[in-house]
Each structure stands twice: as C-alpha cells, then as structure tokens.
2 protein chains.
Amino acid sequence: METEEVQNNYFNSYEDLEVHTLMLEDEPRNLAYKKAILGNKCYFKDKIVMDVGCGTGILSVFCAQADAKKVYAVEASNLANLAREIVKENGFENVIEIIHSKVEDVILPNNIKVDVIVSEWMGFYLLHEGMLDSVLIARDKFLKEGGEMFPETAVIYVAPCSIPSLYSKWNNVHGVSMSAFAKHLRKNKSTKPEILNIEQKDLLGDEVALCWINLREDNASDLNEFSIQHVVGAKKSGSYEGLCLWFECNFPSMSETKDENRIILDTSPNSLATHWKQTAIVLPHEVEVEEGEPIAFQLSMKRDTEHNRRYNLQMTLLDPEAVDHPQPCSCHMTKCILIKAFMESH
Amino acid sequence: METEEVQNNYFNSYEDLEVHTLMLEDEPRNLAYKKAILGNKCYFKDKIVMDVGCGTGILSVFCAQADAKKVYAVEASNLANLAREIVKENGFENVIEIIHSKVEDVILPNNIKVDVIVSEWMGFYLLHEGMLDSVLIARDKFLKEGGEMFPETAVIYVAPCSIPSLYSKWNNVHGVSMSAFAKHLRKNKSTKPEILNIEQKDLLGDEVALCWINLREDNASDLNEFSIQHVVGAKKSGSYEGLCLWFECNFPSMSETKDENRIILDTSPNSLATHWKQTAIVLPHEVEVEEGEPIAFQLSMKRDTEHNRRYNLQMTLLDPEAVDHPQPCSCHMTKCILIKAFMESH
C-alpha cells in the first residue's frame, strides 16, 4: 500500500480513490446536482459561484455549463490538481478557478462576494465525516446577502425497520441454517451504525424527522446535538430489528409550482440506491410487532468531543406505555385511536 | 478497529468477516457445490468425507445432507468454533466433526483414509491467496486410492478485452469529460491485477486456457509457474485495453451423459457474477483493433518467491508478425486464412 501512496499524487490513499470512483458512479447524486444547477440556470447565468470541496470538479463544470461568469472551486486535498485537468479538458479554464486550499484560508480578490455556494458535503447519515461546518464558514465569509445555497436544506429521517441481511436471511442459506453466523454478524455490527441498503418493504413504520437543517441560517453550533423521542404505530406485522436512517437534500428552484418541480436528492429506501445507502442502528435481538403496535424509541446524535466531524448515535428502546405519543398517533392504543378519531372528525 | 478485533472471537479481522459474508452471499458458488454434492449423493452416501478449510461449515452440512457417514471438517482459524455452532443448529453434530487445526497437522483416528475431499480453496484468478497447496497435501495424506476430489479440475482462461470502467465510461459523465480521472484510475490500477466485473460484450477475442489443473494428480511444484504465448484474431472491432482472466472448476459427476450434466463453477463474463468477479491486467494505453486483427501476447503467472500463496502476473505485448500463430488461427493474416481454409477443407 505504501508504494501506491507514494505513486499517487492526487489521492491520499487507495480508499480515497475508490470513494471518488463511487461518488462519480452515483447517478442519483450526480443527476440531482445536474438538474438543480442546469435546470435552474437563472441562478447561475453571469453569476459568481463558489464550489466548496470541489473534489474532481464535476459540480463546478455543471455551474460553468449553466453559464456562470466565474466559479471558485475550492479543494484542500491534492485532488485540486486533478480538478484543474478536468476543468481544462472541458474547456472551462477561463471560467473555473481551482483554489488549492482549505476554504477557511481562502481570500478572494478584492474581497469579492459570491452569488451562489454549491457543495456536495454530505457524509453517511448526512453528518458523519461530512464537511458541513466548512460550508457554513464559506457561507459566512463569502456569500452575498440573499445569495443561494445548493443545497439549501437537509433533513434526516428515522423509521423502525426489519434488517433481513442481518437476521432472517441467514435462517436458510440453500437449505443450511446459519443463524449462528447472523448472530455473530450482529455482534460485530451493533457496535457502530451499519451502512447498508434497506428495502422499502422492510420499513415497519412511518418515518419521523430527526433534524431539519437550514443551510441559509444554521450555524455550526446548531449541529452539535439532535435528539428525538418518538412513538410510531407499526404499519404491518413484522420483526423489529433496528432503526433506519436516511437523509434528503433540497435545492432552490425557480419554478412557481415549487412542490412539483422541487429537486430533491433523496437517499430513502423508496428511491434509487446511492453510495450513501441507508444507515441502520441494529438491535441485538429482534422484537416481533403486530400491526398497529406502538414502537417507542429515543434517538440522539451528538458530535464526538474528540473528532469534531464524527457523530455518535445512541438509541434507547422506550416503554410505549410510559411515554407521550404524538397527536395524532398511528398506534393501536385506545387513547391514540380516540384522539385520532376525534381529530379527524374536526 | 482494535476494539472490534478484541471483541471478535471468530474472525481475524472485520475484513475477514466481510469476506465470509460475501462468500455466503455468492449464489453461483453455493449452488455449484450444492448441486455437485446433493446431485451426486452416490459419492457421499455412507462415505467418509474431509472438508479442507471448512470456514463456516456450509459444504460440510451439504455433505451430511447427502448422507455422508462422517465428515471431518478441518479449519485452522477460529472460525472452527462458529462452524461447530452451525453444525449443531443443523443437527449434524453426530456426523460432522470439526477439527480446529491446520490440515497439515491433522491426524485421523487409526490413520483412517477418506473417500472424498471437498474444498472451496479458490482465490482471485484461481490461485491468488488460495489454499490449493493445503488441499493437495490433504489429498496425499488422507485420500483413499481412487477417491474423489470436489472439485476435480480447474482451468484458468484468458481473453483480450475492453475495460470501459477504466476507459470509455469516463469520456462522458453526465455531460462532463473526465478522462483525466480515468487516466489516474489506470495509473493506480495498472500496478496490480484488477478485480472487477467484465461484461461478455467487452471480450474482444476467444479465450485460451492458461493452465489446466488436475486435482487428482498435480503436485504443488506443478503450480509454480504457468506461461502462455498466444495470438488471437479480434472477433470484432474495438478498443483493446487489457486481458481478462477467469476460472472454472469441474466436479465429478455420475451422469452417463457427462457433458450435459457436468457441474461447473464458471466465473466467466458469460456466467452469473460471483464474488471472484474477473481479473483484468490493464494496459496503460488502449489499442484500437479491427475485426480479424491479430492480438499477440505473452502471459506468465509465477509464484511469489517470498509469499508462497501469492502469484505475480506478467503480460507482454508481442508483435503478431514476429510470433508463431496457432493452427488454425482466427486472425486475418493471409497465412492464417489460408491454413484455416486448408484445414477446414480436409
């Protein structure tokens, strides 16, 4: 591996190269940004743009294709050199200026401000190892009053789920029972959030938002901790094996019928798979639930005190009898059925 | 990672766990062994079997399901403990005996010999990091005269190919030219064989066997080096970007119409993808070839002198004018067309 790292001018490691390959192969990711930028040229035409953490430079090229006057593409790693080559092979060396620097250290000529900031800063379960803090610093330093953020909002959702790939799948592997293997897999995977694809059919209840981030307004300190206590009625009978987390990002849109044409990068189990997949917090033992049965949990997501860009997730199973339910609540407890009926009739 | 390794009784590393998950999820692998064993029960019924490197024990359970009298399941790693649990949950603890040992150190009671050896010993491009040497040692120590080997033969094939994932794919990524990225990918990947899926449509010429291994007869020293010099006519025009390697394993079969019912574990681009994928030796620059054009190469595969289980692959491009062509040859050189026509007319 050492040899490769020495030979490699651009990537910090082989893993880094693989990650960038994965990202460039991620169609829903690329298409969401492409549609958000090229489908809303008015935000870019003759405008000054900053791309924070431009990587290989693909988003900067989209902005130039949308007729931006100038794109400052900031990249701290040696990938900046590769981005420069890619900008050149696309003929935009007069529009896109690659700045090989941390965005925190960037100084623009004449302290110019930018009209738009674009960035693909999202990590697993949105915030893990992501670079949102840097994007917010760039916003405060460089974005014009009333400028646009691409994306402008981000939401993390949570729903109870089955996780067959860690449970039932192993009950019968071509006629062989391998539940001991599954048990072992879970033992290994329950120590940290598991990145995996969850299918829509394996969601046991409706999702709830753990947090809603507004990139125009929120500050880094707003991102230190998110917490939710929730009760949801199982929408079908099944094996409750963990919580499924995913995120979506929303982009500004000029369309008047905003809701219909909104560009969303959606990483839910209902959408095409992305390299972020979903994140599961895996229960050590499954819990069989009936349709309508209340599932109550507490989930918190806190910044790691040592590693600022990491978050720790903690899930606590709660007794549905002992906590407040939302109003209305989808569970089958008498109180919730009555409240729901009452609210629906008014 | 340290924490995980300490917590982990069975697997040497998290990677090891992932590899075993991949193997157990590999349907063509599992089904080939299952069919070979359960479709040929006569080889197993009331017989004594040894499973060399049993891993999680799935093949041993297949053998027990095929009514083996006794299965010695040998596993050197701590996975032996997991295999024991799996044997138990399938109710075969009286048939399958897990032996936690290197096969080289095993002593069977009364120096008993076995009727059949089963093993899934194959690595990437068949031999890389595989454990065929151990299987051959087990054969010499434990297999009865005339006993069966599952699998009994293995072949490595080679064919010239295009590799779009390292070349043409990057010419247009949602309207952005990223050939600088592709060039960089190749620079990183040309230092070692690349494990990836090649599609059938990307094979540019017919395959040739690099080696043919007979597990009943060959010895470890027969596996030290394989080498081939070959010329093949391109079967269509295209971009020649490397050599594609894959292997197949053949199992004994009782069927009289042997060829039709032969059980083959085939890892070619024409078959369902396996966790072995294919292996590519990537050219630093593509070569455009016309249909019928001769492609000449020399390929050698030699044991690494330091790491006995590793092999080094070396490819040399040859001048088709300067080397002997096979007879008949599929290329469009006049001599080959004449020889082929002559041979076909006789």
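Residues numbered from 1 in each chain as written. Chains lettered and ligands numbered in written order. Predicted model: local features only at pLDDT ≥ 70, side-chain atom pairs only at ≥ 80, totals over all residues. Heavy atoms only, no water.

Another aspect to go through is the pattern of salt bridges. The tally for this structure, following the rule as stated, stands at 23 salt bridges over all chains. A salt bridge links K45 of chain B to D46 of chain B; the nearest nitrogen and oxygen atoms lie 4.0 Å apart. For K45 of chain B, a relative accessible area of 46% corresponds to the partly exposed category. In this structure D46 of chain B comes out as partly exposed when scored by relative accessible area, which is 48%. Linked through salt bridges whose partners overlap, the residues forming this network are E148, E152 and R216 of chain A. (Salt bridge = Lys/Arg side-chain N within 4 Å of Asp/Glu carboxyl O. Buried < 20%, exposed > 50% of the residue type's maximum accessible area, 1.4 Å probe, protein only.)

Turning our attention to unusual backbone geometry. Backbone torsion omega between F150 of chain A and P151 of chain A reads 0°, so that peptide bond is classified as cis. Among the secondary structure elements, P151 of chain A is positioned in the loop between β5 (143–150) and β6 (153–161). Backbone geometry places N110 of chain B, a non-glycine residue, at a positive phi of 55°. Residue placement: N110 of chain B occurs in the loop between β3 (96–100) and β4 (114–118). When its relative accessible area of 79% is taken as the criterion, N110 of chain B is described as exposed. Phi is positive for E129 of chain B, close to 60°, though the residue is something other than glycine. The class of E129 of chain B is partly exposed, set by a relative accessible area of 41%. (Helix = DSSP H or I, 4+ residues; strand = E, 2+ residues; numbered from the N terminus.)

In terms of nonpolar packing, the biggest core is built from 225 residues, with M50 and L299 of chain A together with M50 and L299 of chain B touching the most fellow members. When sequence neighbours within four positions are dropped, the list of residues in contact with L299 of chain A reads V158, L210, F226, S227, I228, L243, L245, I281, L313, Q314 and M315 of chain A. In terms of nonpolar packing, the next biggest core, distinct from the first, is built from seven residues, V231, V323, C329 and C336 of chain B among them. (Core = buried A, V, L, I, M, F, W, Y, C linked by side-chain atoms within 4.5 Å. Contact = heavy atoms within 4.5 Å.)

With 46 residues of chain B at the contact, the number on the chain A side is 46 residues. The contact between chain B and chain A buries some 4,000 Å² in all, and 58% of this surface belongs to carbon and sulfur atoms. Counting every contact that joins chain B to chain A gives two salt bridges. On the surface where chain B and chain A come into contact, there are 16 residue pairs in polar contact (both at pLDDT 80 or more). Within the residue set of the side of chain B that touches chain A, elements represented by two or more residues are α1 (2–7), α2 (14–24), α3 (27–38), α4 (58–65), α5 (79–89) and α7 (179–189) of chain B. Element by element, the count of residues in the side of chain B that touches chain A is highest for α7 of chain B, at eight residues. Of the residues contributing to the side of chain B that touches chain A, the split by class is 18 nonpolar, 16 polar and twelve charged. (Buried area = accessible area lost by both parts, 1.4 Å probe. Polar contact = N/O pair within 3.5 Å; in protein donor to acceptor, adjacent residues only side chain to side chain. Nonpolar A, V, L, I, M, F, W, Y, C, P; charged D, E, K, R; others polar.)

With an axial shift of 0.0 Å and an RMSD of 0.0 Å, the rotation relating chain B to chain A amounts to 180°. Here the transformation between the copies is reduced to the relation of a two-fold axis. Minimal C-alpha distance to the rotation axis in chain B is attained by E15 of chain B, lying at 7.0 Å. Looking at chain B, 100% of its interface residues are interface residues in chain A too, so the copies touch through the same face. (Least-squares fit on C-alpha atoms with pLDDT ≥ 70 in both.)

Once that is clear, we can look at the environment of G130 of chain A. All names here are of chain A. Inspection of the secondary structure assignment puts G130 in the loop between β4 (114–119) and α6 (132–142). According to the relative accessible area criterion, G130 is buried, its value standing at 9%. C-alpha separation for the pair G130 and R310, spaced 180 residues apart in sequence, amounts to 8.0 Å. Every residue in contact with G130, bar those within four places of it in the chain, is listed here: W121, G123 and R309.

The subject of this paragraph is the domain arrangement of chain A. All names here are of chain A. Taken as a whole, chain A is organised into domain 1 (1–150) and domain 2 (154–318). For domain 1 and domain 2, the distance between their C-alpha centres works out to 28 Å. If you look at the interface, domain 1 gives 36 residues, while domain 2 gives 37 residues. Interface area, domain 1 with domain 2, both sides summed: about 3,200 Å², of which 68% is carbon and sulfur. Considering only the surface of domain 1 that becomes buried against domain 2, Y125, L126 and L127 emerge as the three largest contributors, covering 22% of it. The interface formed by domain 1 and domain 2 contains three salt bridges. (Domains from an automatic or database assignment.)

Quick look at the sheet that holds strand β14 (residues 311–317) of chain A now. Backbone-to-backbone hydrogen bonds pair the strands of a sheet. The strands run either parallel or antiparallel. Residues and elements named next belong to chain A. Reading across the sheet, the three strands line up as β9-β13-β14 and stay open at both edges, with antiparallel pairing between neighbours. The open sheet has two free edges, formed respectively by β9 (225–233) and β14, since each of these has just one partner strand. Taking each pair of neighbouring strands and ignoring which way they run, the sheet shows an average axis angle of 15°. Here strand β13 (residues 294–303) runs beside β14; their pairing, made up of seven bridges, is antiparallel. The partner of F297 across the bridge, within β14, is L317. (Pairing = 2+ DSSP bridges. Axes fitted to C-alpha atoms, helices over the stretch in contact; angles between N-to-C directions.)

Under the definition given, this model contains 14 aromatic pairs over all chains. Here the aromatic rings of W170 of chain A and F181 of chain A are separated by 4.9 Å at their centres, their planes lie at 55°, and the arrangement is tilted. You can see W170 of chain A sitting in the loop between β6 and α7 (179–189) and its partner F181 of chain A sitting in helix α7, a full eleven residues away along the chain. Like W170 of chain A, the residue F181 of chain A is buried in the burial classification. Ring geometry for F247 of chain B and W276 of chain B: centres 5.3 Å apart, planes at 80°, overall edge-to-face. With a gap of 29 residues between them, F247 of chain B in strand β10 (residues 238–250) and W276 of chain B in the loop between β11 (264–266) and β12 (278–289) connect regions that are remote in the sequence. (Phe/Tyr/Trp six-rings, centres within 6.5 Å; stacked < 30°, edge-to-face > 60°.)

For the rest of this paragraph, the subject is the sheet that holds β4 of chain B. All names here are of chain B. Spatial strand order, β3-β2-β1-β4-β5: five strands in an open sheet with parallel pairing. The strands lining the two open edges of the sheet, one partner per strand, are β3 and β5 (143–150). Geometrically, the sheet is characterised by an average inter-axis angle of 25° between neighbouring strands, direction not taken into account. Where β4 meets β5, four bridges bridge the pair, whose relative direction is parallel. For I117, the partnering residue across the bridge sits in β5 and is M149. Helix-sheet contacts for helix α6 (residues 132–142) involve β1 (48–52), β4 and β5, and the interaxial angle to β5 is about 150°.

Turning next to the packing of α3 of chain B against α4 of chain B. Residue and element names in this part refer to chain B. Running from N to C, α3 and α4 point in directions that differ by 25°, and their axes come no closer than 9 Å. Judged on the interaxial angle alone, α4 and α3 are roughly parallel. Crossing angle aside, the handedness with which α3 passes α4 is right-handed. Across the interface between the two elements, N30, Y33, K34, I37 and L38 of α3 pack against L59, F62, C63 and Q65 of α4. Split by residue class, the contact of α3 with α4 holds six nonpolar, two polar and one charged. (Parallel < 35°, antiparallel > 145°, perpendicular 65-115°, else oblique. Left-handed = near helix turned anticlockwise from the far one by under 90°.)

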